[in-house]
Amino acid sequence: MFRRTALIAAALLFAAPTHAQTVDPAPVIAAERAFAADALTMGVDRSFLKWAMPGAVLIAGGSPRPVEELFDAEAAFDPTARPLVWWPNWAGIAASGDLGFTTGGVEVNGRRTGHYFTIWQRQADGTWRWVYDGGVPASAAEVPGPDTEPSILATSTVTPTSAQAALGELRAVEAVLAAAAAGDQKAAHLSLLAPDGRIYVGDWPPAIGQEAFPAALDAWPKSFDFSPPLSSGASAAGDLGWTYGRALWKDRDTNGSGYYVHLWQKRQTGWVLAFAQLIVDPPAPPAQR
């Protein structure tokens, strides 16, 4: 009971009055579609580099790595390579119009293999570049296909603050979530998840909305050891922010590790967790004899 009360109090602590605002996430969706289209005509390496901010990060191979380390700007396009296709199923944007996200299905060589999640940031010249990208093997078998329009997360209507203020608040909310998740991650997440949010758990289909959350969270270990955020970002309006950090757990007799990735939105009731996923570290290589 104490942990649940603390979580609710933490969310309410940063509640803000409403502020009417309507921002269209179409530019973010268009950027994602163009990014995916370029991968099919110029190759994955050059497409990822073309659309990334300098230093943009992917969580791949068990660690966050800058895009420049993972991809080769001189890579030649190989028309015989297995096609990598992805498309947005869900998207949103900050009230200030400078930070957005999309997430959706991934298909490799005609086989749906998982879901991506990308954070986009508008540049000074008005173009969009991705700043964070990561994927999980959540089932994409039943999600709408590439020709459908994505669902939209409603833009926050709280009175704007600042990115700096939002980042401070998110550190505090993450600390409360981490303290509660160390005992009962299911209760901790349920106390902060947005009713219209999403969770990607293992190879399950996306858990969309509060009715789907309990069963999905049961598939995660009972508790997590979440680090403070290793990186984060927030919109100029202070209404949308993202974080990622280290996650450790024990499932039966097995120790697990990976990274949590969170998307937070500030609402009239305070900060809510609009999106959560866990990127599990790859298995350790076999010991050399």
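Residues numbered from 1 in each chain as written. Predicted model: local features only at pLDDT ≥ 70, side-chain atom pairs only at ≥ 80, totals over all residues. Heavy atoms only, no water.

Trainee: A description of the overall build of the chain should follow, citing residues and the corresponding values.
Mentor: Helix and strand counts for the chain come out as 7 helices and 15 strands. Computed over the C-alpha atoms, the radius of gyration of the chain is 19 Å, within 12% of the 19 Å expected from 2.2 N^0.38 for a compact globule of 289 residues. Principal-axis analysis of the C-alpha atoms gives the chain an extent of 55 × 55 × 35 Å. Counting every position in the chain, which comprises 289 residues, the buried fraction comes to 48%. In the chain, the proportion of contacts linking residues at least 24 apart, taken out of those at least 6 apart, comes to 62%. Separation between the mean location of the 21 positive side-chain charges and that of the 28 negative ones in the chain comes to 5 Å. (Helix = DSSP H or I, 4+ residues; strand = E, 2+ residues; numbered from the N terminus. Rg over C-alpha atoms; globule rule 2.2 N^0.38 Å. Buried < 20%, exposed > 50% of the residue type's maximum accessible area, 1.4 Å probe, protein only. Contact = heavy atoms within 4.5 Å. Lys, Arg positive; Asp, Glu negative; His and termini not counted. Charge placed at Lys NZ, Arg CZ, Asp CG, Glu CD.)

Trainee: Please set out the nonpolar core residue by residue, giving values where relevant.
Mentor: Core analysis: the largest hydrophobic core is formed by 28 residues, its most contacted members being I199, W220, F224, F226 and W264. Where this core is concerned, the elements lending two or more residues are α5 (163–181), α6 (185–192), β9 (193–200), α7 (213–218), β13 (240–251), β14 (254–267) and β15 (270–280). The element best represented in this core is α5, accounting for 7 residues. Here F226 is in contact with L177, A178, A181, H189, R246, A247 and Y260, once residues within four sequence places are set aside. (Core = buried A, V, L, I, M, F, W, Y, C linked by side-chain atoms within 4.5 Å.)

Trainee: Can you break down helix α3 (residues 44–51) residue by residue, with the values?
Mentor: Owing to its 3.6 residues per turn, the α-helix brings residues three or four apart onto one side. The set of residues buried in α3 consists of S47, F48 and W51. Down the axis of α3, the sector holding all buried residues measures 95°, keeping them to one side. At its buried positions, α3 is contacted by α2 (26–42), β1 (52–60), α4 (67–70), β3 (84–86), β6 (111–122) and β7 (128–136). (Arc of directions from axis to C-beta.)

Trainee: Give me the lowdown on the packing of α5 against α6, citing residues and values where you can.
Mentor: Put simply, α5 and α6 touch, their axes get as near as 7 Å, and they point 150° apart. Put simply, α5 runs roughly antiparallel to α6. Along its contact with α5, which presents V173, L177, A180 and A181, the element α6 presents Q185, A188, H189 and L192. Broken down by class, the residue content of the contact of α5 with α6 amounts to 6 nonpolar, 2 polar and no charged. (Axes fitted to C-alpha atoms, helices over the stretch in contact; angles between N-to-C directions. Parallel < 35°, antiparallel > 145°, perpendicular 65-115°, else oblique. Nonpolar A, V, L, I, M, F, W, Y, C, P; charged D, E, K, R; others polar.)

Trainee: Which residues make up the packing of α2 against α3, and what values do they have?
Mentor: Packed helices, taken two at a time, are described by the angle between their axes plus the distance between the axes. At a closest axis distance of 7 Å, the pairing of α2 and α3 adopts a crossing angle of 150°. Classified by the interaxial angle, the pair formed by α2 and α3 is roughly antiparallel. Crossing angle aside, the handedness with which α2 passes α3 is right-handed. Each of A31, A34, F35, D38, A39 and M42 in α2 lies in contact with α3, whose residues at this interface are V44, R46, S47, F48, K50 and W51. (Left-handed = near helix turned anticlockwise from the far one by under 90°.)

Trainee: Report on the environment of S223, specifying residues and quantitative values.
Mentor: Within the secondary structure layout, S223 lies in the loop between α7 and β11 (225–226). Residues S223 and D184 lie 39 residues apart in sequence; the distance between their C-alpha atoms is 5.2 Å. When sequence neighbours within four positions are dropped, the list of residues in contact with S223 reads A181, A182, G183, Q185 and W249.

Trainee: Run through unusual backbone geometry, naming residues and quoting values.
Mentor: The phi dihedral of N109 is positive, around 55°, even though this residue is not glycine. Within the secondary structure, N109 sits in the loop between β5 (99–108) and β6. Residues other than glycine seldom take positive phi values, yet R252 does so here, at roughly 60°. As for its placement among the helices and strands, R252 is situated in the loop between β13 and β14. For R252, a relative accessible area of 72% gives the class exposed.

Trainee: I'd like a description of the pattern of salt bridges, backed by residues and values.
Mentor: Two side chains that carry opposite charge are able to pair once their charged atoms sit near each other. Counted by the stated rule, this structure contains 7 salt bridges. D38 is the partner of K50 in a salt bridge, and the nearest nitrogen-oxygen pair spans 2.8 Å. In this pair, K50 is assigned in helix α3 and D38 in helix α2, connecting sequence segments 12 residues apart. For D38, a relative accessible area of 13% gives the class buried. The closest approach of N and O atoms between D251 and R252, which form a salt bridge, is 3.9 Å. (Salt bridge = Lys/Arg side-chain N within 4 Å of Asp/Glu carboxyl O.)

Trainee: I'd like a description of the packing of aromatic side chains, backed by residues and values.
Mentor: Taken as a whole and judged by the stated rule, the model has 20 aromatic pairs. Their ring planes at 75° and their centres at 4.8 Å tell us that F35 and F48 sit as a pair that is edge-to-face. Linking F35 in helix α2 with F48 in helix α3, this pair joins segments that are 13 residues apart in sequence. Seen from their ring centres, F48 and W86 are 5.8 Å apart, and the 50° between their planes marks the pair as tilted. Linking F48 in helix α3 with W86 in strand β3, this pair joins segments that are 38 residues apart in sequence. Among the residues examined, W86 registers a relative accessible area of 8% and is labelled buried. Cluster of aromatic residues (ring-pair linked, three or more members): W90, F101, F117, Y132, Y200, W242, Y244 and F275. Its guanidinium or amino end placed over the ring of W51, R129 lies 5.5 Å from that ring's centre, counting from NZ or CZ. (Phe/Tyr/Trp six-rings, centres within 6.5 Å; stacked < 30°, edge-to-face > 60°. Lys NZ or Arg CZ within 6 Å of the ring centre and 35° of its normal.)

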